[in-house]
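Geometric and topological summary
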Amino acid sequence: MNQVIEFTKASQLKAKPEPSVLGFGKYFTDHMFIMDYNEESGWHAPRIAPYEPLMLDPSALVFHYGQAVFEGLKAYRANDGRVLLFRPDKNIRRLNETLHRMCMPTIDEELLLDGLKQLLEIEKDWVPSAEGTSLYIRPFVLATEPFLGVRPSKSYKLLIILSPVGAYYAGQLTPVKIYVEDEYVRAIQGGVGHVKTSGNYAASLLAQKKAEHLGYDQVLWLDAKEKKYVEEVGSMNIFFKIKGEIVTPSLNGSILSGITRDSVITMLKSWGVPVREERISIEEVYEAYLRGELEEVFGTGTAAVISPVGELNWNDHRMIINENQTGPFSKRLYDEITQLQYGLTKDTFGWTIEIK
Ligand SMILES: *Cc1c(COP(=O)(O)O)cnc(C)c1O
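Being a predicted model, the structure only gives us computed values, none of them experimental.

Rules behind the numbers
- Residues numbered from 1 in each chain as written.
- Predicted model: local features only at pLDDT ≥ 70, side-chain atom pairs only at ≥ 80, totals over all residues.
- Heavy atoms only, no water.
- Domains from an automatic or database assignment.
- Contact = heavy atoms within 4.5 Å.
- Buried area = accessible area lost by both parts, 1.4 Å probe.
- Salt bridge = Lys/Arg side-chain N within 4 Å of Asp/Glu carboxyl O.
- Polar contact = N/O pair within 3.5 Å; in protein donor to acceptor, adjacent residues only side chain to side chain.
- Helix = DSSP H or I, 4+ residues; strand = E, 2+ residues; numbered from the N terminus.
- 1 Å grid on protein atoms, 1.4 Å probe; cavity = no way out; pocket = protein on both sides within 12 Å on 5 of 7 lines; lining within 4 Å.
- Points joined across faces, edges and corners; volume = space filled by probe spheres on them.
- Nonpolar A, V, L, I, M, F, W, Y, C, P; charged D, E, K, R; others polar.
- Axes fitted to C-alpha atoms, helices over the stretch in contact; angles between N-to-C directions.
- Parallel < 35°, antiparallel > 145°, perpendicular 65-115°, else oblique.
- Left-handed = near helix turned anticlockwise from the far one by under 90°.
- Buried < 20%, exposed > 50% of the residue type's maximum accessible area, 1.4 Å probe, protein only.
- Lys, Arg positive; Asp, Glu negative; His and termini not counted.
- Near = heavy atom within 4 Å.
- Areas by Shrake-Rupley, 256 points an atom, 1.4 Å probe, with all protein chains shown as cover.
- Sits in = over half its atoms within 2 Å of the grid points.

Quick word on the domain arrangement of the protein chain
- We note that the domain assignment places domain 1 (6–165) and domain 2 (176–341) within the protein chain.
- Just the C-alpha atoms count here: the centres of domain 1 and domain 2 sit 28 Å apart.
- Contacts between domain 1 and domain 2 engage 19 residues on the former and 20 residues on the latter.
- When the two sides are added together, the surface that domain 1 and domain 2 hide from each other amounts to roughly 1,700 Å², 59% of it contributed by carbon and sulfur.
- On the domain 1 side of the interface with domain 2, the three residues burying the most area are Phe-70, Phe-86 and Arg-94, jointly 35% of the side's total.
- Summed over the shared surface of domain 1 and domain 2, the result is one salt bridge.
- Summed over the shared surface of domain 1 and domain 2, the number is 12 residue pairs in polar contact (both at pLDDT 80 or more).
- For the side of domain 1 that touches domain 2, the elements supplying multiple residues, two or more each, are strand E4 (68–70), strand E5 (73–77), strand E6 (83–86) and helix H2 (88–101).

Given below as structure tokens:
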């Protein structure tokens, strides 16, 4: 790929925040990657420019009919100073699957990875080094054509912005409390639940608010048709350990295909632990709980990597899992995946790439 990526340096560089104040998604780096699409030229003018507000026409289609999609991944600082990416090819592939579903133009995967790498080379100093911190990467695409009418936009912008983020866990993993939602639904077969399009998250906010009001951290979604089968958590896939066996809902067209989910399945198999991907009802989970066989529950996603679940509330049935303690599989998966991400162990899976 020989496409020239033009670089305009910011006239003033920002001060970098202390690791203790980072939190999530509050600070942004000095530069961003940006590229335009129109019908005549396709995707063109890839460039790295100062991070600044966008100018969009008030009639830009994204504001009205929601053609907006995104991805999320991280860059990690190894002890020896190297900057590593974890399976970025998977995020780029998934971005294209999302774009395709939303009638938006797909992007040359090599060009996008190249653009991301060049942006990271420029912003390398923004990758924090305190334990557990990372640089969150947010690629997104939006419809920019000024027009009112329901049809695909004829112009788009792709951007990649970067945000240094703090450690998800202060010290050890902390179990979360999850409310099993049986009123609202997230997605259905034939819809858009399997892709990362912005509207999915807008549609989930009311249920999230309800769960918080009831004292829970997050929502576990059930299938939209029967409200019977387990789907996933707000931005995490879900795993159960029942009587020594690991099971996770199969990708049925309404569940997002998480890259952490895939990494967990692959890693478990490499340990010789079988994983079943199949339809699982919340009732089966509850029955296993009553028999004392629900040994561990955990969520998987880029932000937390592994999020142990300490309590599930389904219809006022409160299931306290593993005495609200992090289970051994959750802990080992978290340790081994983060060790790979931070370059602390040999990457036998070929999942990490270094930014030079
Ligand atoms: C992003 C996301 C996940 C997790 O995907 P990862 O690739 O593991 O970060 C799971 N569910 C939903 C709905 C998501 O948006």
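Notes on the layout of surface pockets
- Within this model, the largest pocket holds a volume of roughly 760 Å³.
- Lining of the largest pocket is provided by 34 residues; of these, Tyr-201, Gly-234, Ser-235, Met-236 and Ala-303 occupy positions nearest its centre.
- At the level of secondary structure, the elements contributing two or more residues to the lining of the largest pocket comprise strand E7 (134–143), helix H4 (199–213), strand E10 (218–222), helix H5 (259–270) and strand E15 (294–301).
- Per element, the largest residue contribution to the lining of the largest pocket is six residues, and it comes from H4.
- Looking at the lining of the largest pocket residue by residue, the classes come out as 14 nonpolar, 13 polar and seven charged.
- When we break the lining of the largest pocket down by domain, the ones giving at least three residues each are domain 1 (6–165) and domain 2 (176–341).

Some details on the environment of Leu-22
- Residue position: Leu-22 is located in the loop between strand E1 (6–7) and strand E2 (31–38).
- Distance from Leu-22 to Ser-263, taken between C-alpha atoms, is 27 Å for residues 241 residues apart in sequence.

Some points on the packing of H2 against helix H3 (residues 109–122)
- Between H2 and H3, the least distance of the axes is 10 Å, while the angle of their chain directions is 130°. Taken together, the axes of H2 and H3 are oblique relative to one another. Handedness of the crossing formed by H2 with H3: right-handed. Facing H2, whose interface residues are Pro-88, Ile-92, Arg-93, Leu-95 and Asn-96, H3 presents Glu-109, Leu-112 and Leu-113.

So, the side chain of Asp-30
- Within the fold, Asp-30 resides in the loop between E1 and E2.
- No salt bridge is formed by the buried Asp-30, whose closest oppositely charged neighbour, Lys-16, lies at an N-O distance of 4.8 Å.
- Among the polar contacts listed, one links the side chain of Asp-30 to the side chain of Trp-126, at a separation of 2.9 Å.
- Apart from the residues within four sequence positions on either side, Asp-30 is in contact with Ala-10, Gln-12, Leu-13, Lys-14, Ala-49, Pro-50, Tyr-51, Glu-123 and Trp-126.

Brief notes about unusual backbone geometry
- Positioned with a positive phi, Arg-87 is a non-glycine residue whose angle comes to about 50°.
- Along the polypeptide, Arg-87 turns up in the loop between E6 and H2.
- Note on Arg-87: relative accessible area 8%, which makes it buried.
- For Asn-315, which is not glycine, the phi dihedral falls at a positive 60°.

Regarding the site of the ligand
- Around the ligand, the surrounding shell holds 15 residues, and the nearest of these are Lys-196, Tyr-201, Glu-232, Thr-260 and Thr-302.
- Within the backbone of Ile-259, one N or O atom sits 2.8 Å away from an oxygen atom of the ligand.
- Contact between the ligand and Thr-302: an oxygen atom at 2.6 Å from a side-chain N or O atom of the residue.
- If the ligand stood free it would expose 380 Å²; the protein chains cover 97% of that surface.
- Cavity membership is defined here by more than half of the atoms lying within 2 Å of grid points; on that basis the ligand lies in the largest pocket.

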